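# Breakdown of the fold
These are the residues of each chain, in order.
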Amino acid sequence: MEFIGREKELNKIRTALSDEHTKAILVYGRRRMGKTRLIKEAIKDCDAVKIIYRGKTQPILQTIAEISAMVMSAIGLGDIPLPSFDALFKFLQGRKEMFIIVLDEYQDTKKLEGDMADALLRNAMDDMPSNVKLILSGSSIRIMESLMKSDNPLYGRFKEEILVDEMDYYDAAKFYPSYSVKDKITLYSVLGGIPWINESINEKLSVEENIINLMLEDKGLARTYAEDVINVECSTINYSTTVFNAIKNGKKHFSEIQSYINIPQIKAQLTRVLKSLIDVRLIRKRAPINSNSNKSSFYEIRSNIIRFYFAYQDVLCDENTANMKVLYQNRIAQSLNTFVSYRFEEISRSYFLRLSLNGKRPDILKIGSYWYDDKINKKNGEFDVALFLTDETYEIYECKFLQNKASESLLKEERSKINQIPLKGVKRFGLISSSGFDDISMDDIVLVSGEDLYKL
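For clarity, every value in this text was computed on a predicted model and none was experimentally measured. (Residues numbered from 1 in each chain as written. Predicted model: local features only at pLDDT ≥ 70, side-chain atom pairs only at ≥ 80, totals over all residues. Heavy atoms only, no water.)

## Concerning the packing of helix 17 (residues 304–311) against helix 19 (residues 324–357)
The cut-off we apply is this: For every element, the axis is a line fit to its C-alpha atoms; helices are fit only across the contacting stretch, and the angle between N-to-C directions ranges from 0 to 180 degrees. Strands here mean DSSP runs of E at least two residues long; helices mean DSSP runs of H or I at least four residues long; both are numbered from the N terminus. Rotating anticlockwise by less than a right angle from the far helix to the near helix defines a left-handed crossing, while the corresponding clockwise rotation defines a right-handed one. Every residue pair with non-hydrogen atoms within 4.5 Å of one another is taken to be in contact. When residue character is reported, Ala, Val, Leu, Ile, Met, Phe, Trp, Tyr, Cys and Pro are called nonpolar, Asp, Glu, Lys and Arg charged, and the others, Gly included, polar.
At a minimum axis separation of 12 Å, helix 17 and helix 19 run at an interaxial angle of 145°. Classified by chirality, the crossing of helix 19 by helix 17 is right-handed. Residue-level inspection shows Asn-304, Arg-307, Phe-308 and Ala-311 of helix 17 in contact with helix 19, the latter providing Ile-332, Leu-336, Phe-339 and Arg-343. Residue composition of the contact of helix 17 with helix 19, grouped by class: 5 nonpolar, 1 polar and 2 charged.

This is the structure we're talking about:
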């Protein structure tokens with residue numbers, strides 16, 4: 001299958017490899033994000049001897065011997081092991097070829113000897129010849145990010161430190177281009193931007209059938225992935241499930257999560273649990289871009305697929321299910337549009353981020369949501385999408401995941417609501433409709449359709 005997306009990451013790796021001063025690059029991210037495929041794509045046209053070695057849980061000296069044997073074999077000298085990285089690099093220094101050595105799944109290499117493996121690698125990297133480039137890759141976010149901390153032997157040794165995260169809605173849709181805009185939004189909202197799962201979507205089937213096959217079935221790829229991530233990442237974080245249950249039940253603010261929890265022991269450790277879940281990138285803390293108050297900050301589950309899993313966990317874990325299609329129609333279909341509508345807000349923010357990065361909206365400084373507090377009418381709330389612009393004003397949008405086109409009466413109703421709220425610094429209002437718009441003549445409202453989101 002052709003390589004899809006990751007232009008930013010590809011450019012970073014290729015640029016670093018072309019720099020004669022680069023010794024090492026760090027590439028990391030959760031399993032199934034396509035790290036190894038990304039690295040192979042980045043180096044495929046490099047005029048170099050390429051070695052890709054998958055780390056193992058074994059003594060580091062054994063790993064060094066196996067890597068050196070692969071290098072020797074690649075240059076036609078037979079699989080001769082060398083005793084150290086120093087010996088290998090001193091030998092390669094006299095060669096005319098360029099060498100790119102990829103040490104994949106490095107967290108497995110560290111399992112037995114921990115920082116000793118880092119120290120050995122540091123010593124070798126410091127004396128590494130200019131014709132050798134090292135790419136370190138790993139799937140444990142916690143372990144790989146520890147390599148960037150000041151107390152780690154490898155601190156400051158990497159030219160680039162690249163986190164390979166889920167793709168955004170735009171790149172994910174390249175895996176299923178034949179679907180309608182509504183279906184693309186739904187698929188991304190449920191299955192997220194994980195390449196391994198996206199390339200398993202069957203465009204000959206309906207969205208419903210794909211969700212059933214990948215998420216509802218006991219051994220579905222998406223469901224298995226979600227369960228594996230939760231089990232692996234949360235195994236060392238006590239009470240994480242309690243926090244997830246609070247968030248899935250609409251408790252987003254710290255005080256709400258704390259009130260939801262009835263056990264004093266968990267309440268006392270809530271700050272630590274939240275930080276740990278943020279560190280492994282399972283949840284994130286956000287705040288409206290026009291508010292500095294900690295009271296307005298909130299927590300949310302980062303990944304769409306993990307969010308869907310917890311939202312419908314009771315349905316997924318019902319072992320008495322007789323027919324998955326009946327289960328979907330009766331327990332999921334009725335509430336799915338509501339679930340997707342919240343994810344549509346994040347898709348809309350990603351759209352403006354792409355416009356900014358592509359240079360089409362150079363006036364955007366920040367992207368988020370907008371919080372208002374109307375004390376006179378005793379109303380408060382939040383607008384889905386807000387842009388803070390270079391002239392220090394705001395542009396705000398409401399998002400509508402609709403089955404039909406947005407009518408002029410709907411826009412007038414939304415505009416009337418806006419006019420009743422005292423907003424500070426807002427100069428423009430817009431509406432984003434997944435299904436587009438009827439013929440509308442309202443010049444004072446910016447209209448963005450679902451089709452627009454995919455025309456970048």
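Read on for the rest.
## Things to note about helix 17
Because each turn of an α-helix spans 3.6 residues, side chains separated by three or four positions end up pointing in the same direction. The condition is simple: For every residue, the accessible area (1.4 Å probe, protein chains only) is compared with the maximum for its type, and the residue is labelled buried under 20%, exposed over 50%, or partly exposed between those bounds.
With respect to burial, helix 17 is a largely interior element, 7 of its 8 residues being buried. Those residues of helix 17 not exposed but buried are Asn-304, Ile-305, Ile-306, Arg-307, Phe-308, Tyr-309 and Phe-310.

## Comments concerning the pattern of salt bridges
Just so we agree on the cut-off: Definition used for salt bridges: Asp or Glu carboxyl oxygen within 4 Å of a side-chain nitrogen of Lys or Arg.
Enumeration over the complete set of coordinates arrives at 35 salt bridges. Arg-361 is the partner of Asp-363 in a salt bridge, and the nearest nitrogen-oxygen pair spans 2.8 Å. One network of salt bridges, in which partners are shared, links Glu-7, Asp-168, Asp-171, Lys-174 and Arg-354.

## Points about the pairing of strand 10 (residues 394–400)
For the record, the criterion: Between any two strands, pairing holds if DSSP finds at least two bridges.
With 6 of 7 residues buried, strand 10 is to be regarded as a mostly interior element. In the sheet, strand 9 (residues 379–389) pairs with strand 10 via 4 bridges, with the strands oriented antiparallel. Within the sheet, the bridge partner assigned to Ala-386 lies in strand 10 and is Ile-396. Count of turn residues in the strand 9/strand 10 antiparallel hairpin: 4 residues, of which Glu-392 carries a positive phi of about 65°. Inspection of the sheet shows strand 10 paired to strand 11 (residues 426–433) by 7 bridges, in the parallel sense. Residue pairing across strands places Lys-400 opposite Ser-433, the latter belonging to strand 11.

## Describing the nonpolar core
What counts here: Note on terminology: a nonpolar core comprises buried Ala, Val, Leu, Ile, Met, Phe, Trp, Tyr and Cys residues joined through side-chain atoms within 4.5 Å.
The biggest cluster of nonpolar side chains holds 95 residues, and the ones touching the most others in it are Met-215 and Leu-336. The element that contributes the greatest number of residues to this core is helix 19, accounting for 11 residues. Setting aside anything within four residues of it in sequence, one finds Leu-336 in contact with Thr-186, Val-190, Ile-211, Phe-308, Tyr-312 and Tyr-328. Judged by nonpolar contacts, the second largest core, of 35 residues, contains Leu-26, Ala-117, Val-132 and Phe-158.

## Things to note about the packing of helix 11 (residues 207–216) against helix 12 (residues 221–234)
Note the threshold: When an angle is under 35 degrees it counts as roughly parallel; over 145 it counts as roughly antiparallel; between 65 and 115 it counts as roughly perpendicular; any other value is oblique.
At their nearest, the axes of helix 11 and helix 12 sit 4 Å apart, and the two run at 40° to each other. With respect to helix 12, the axis of helix 11 lies oblique. Residues Leu-214, Met-215 and Leu-216 of helix 11 form the contact with helix 12, whose own contacting residues are Leu-221, Ala-222, Arg-223 and Ala-226. For the contact of helix 11 with helix 12, the class distribution of residues is 6 nonpolar, no polar and 1 charged.

## Some words on the side chain of Asp-171
Basically, it comes down to this: Two N or O atoms form a polar contact when they lie within 3.5 Å of each other; inside protein one atom must be a possible hydrogen donor and the other a possible acceptor, and for residues adjacent in sequence the pair counts only when both atoms belong to side chains.
The residue Asp-171 is located in helix 8 (residues 169–172) in this model. For Asp-171, a relative accessible area of 6% puts it in the buried group. Polar contacts involving the side chain of Asp-171 include one to the side chain of Arg-354, which spans 3.1 Å. Those residues in contact with Asp-171 that sit more than four places away from it in its chain are Ile-4, Gly-5, Arg-6, Glu-7 and Arg-354.

## Structural notes on the environment of Gly-430
Position of Gly-430 among the secondary structure elements: in strand 11. Sequence separation of Gly-430 and Ser-235 is 195 residues, and the distance between their C-alpha atoms is 44 Å. Filtering out sequence-adjacent residues up to four positions away, Gly-430 remains in contact with Ile-396, Tyr-397, Glu-398, Ile-445 and Val-446.

## Here's the deal with the packing of aromatic side chains
Two measures describe an aromatic ring pair: the distance that separates the ring centres and the angle between the ring planes. The condition that has to hold: Put simply, two rings from Phe, Tyr or Trp (the six-membered ring, in Trp's case) pair if the centres are within 6.5 Å, and we call them stacked under 30 degrees between planes, edge-to-face over 60, tilted for the rest.
By the definition in use, this model includes 16 aromatic pairs. Arranged with centres 6.2 Å apart and planes meeting at 65°, the rings of Tyr-176 and Tyr-179 form a pair that is edge-to-face. The exposure classification of Tyr-176 matches that of Tyr-179, with both residues buried. Seen from their ring centres, Phe-344 and Phe-401 are 6.1 Å apart, and the 55° between their planes marks the pair as tilted. With Phe-344 in helix 19 and Phe-401 in the loop between strand 10 and helix 20 (408–419), this residue pair connects regions lying 57 residues apart in the sequence. Exposure class is identical for Phe-344 and Phe-401. Each is buried. Site record: aromatic cluster; members linked through ring pairs are Tyr-370, Tyr-372, Phe-383, Phe-388 and Tyr-394.

## Things to note about the sheet that holds strand 8 (residues 364–374)
The mixed open sheet is built from 5 strands, whose spatial order is 8-9-10-11-12. In the strand order of this sheet, the two ends are held by strand 8 and strand 12 (445–449), each with one partner. With strand direction ignored, the average angle separating the axes of adjacent strands in the sheet is 30°. When strand 11 meets strand 12, the two strands line up parallel, connected through 5 bridges.

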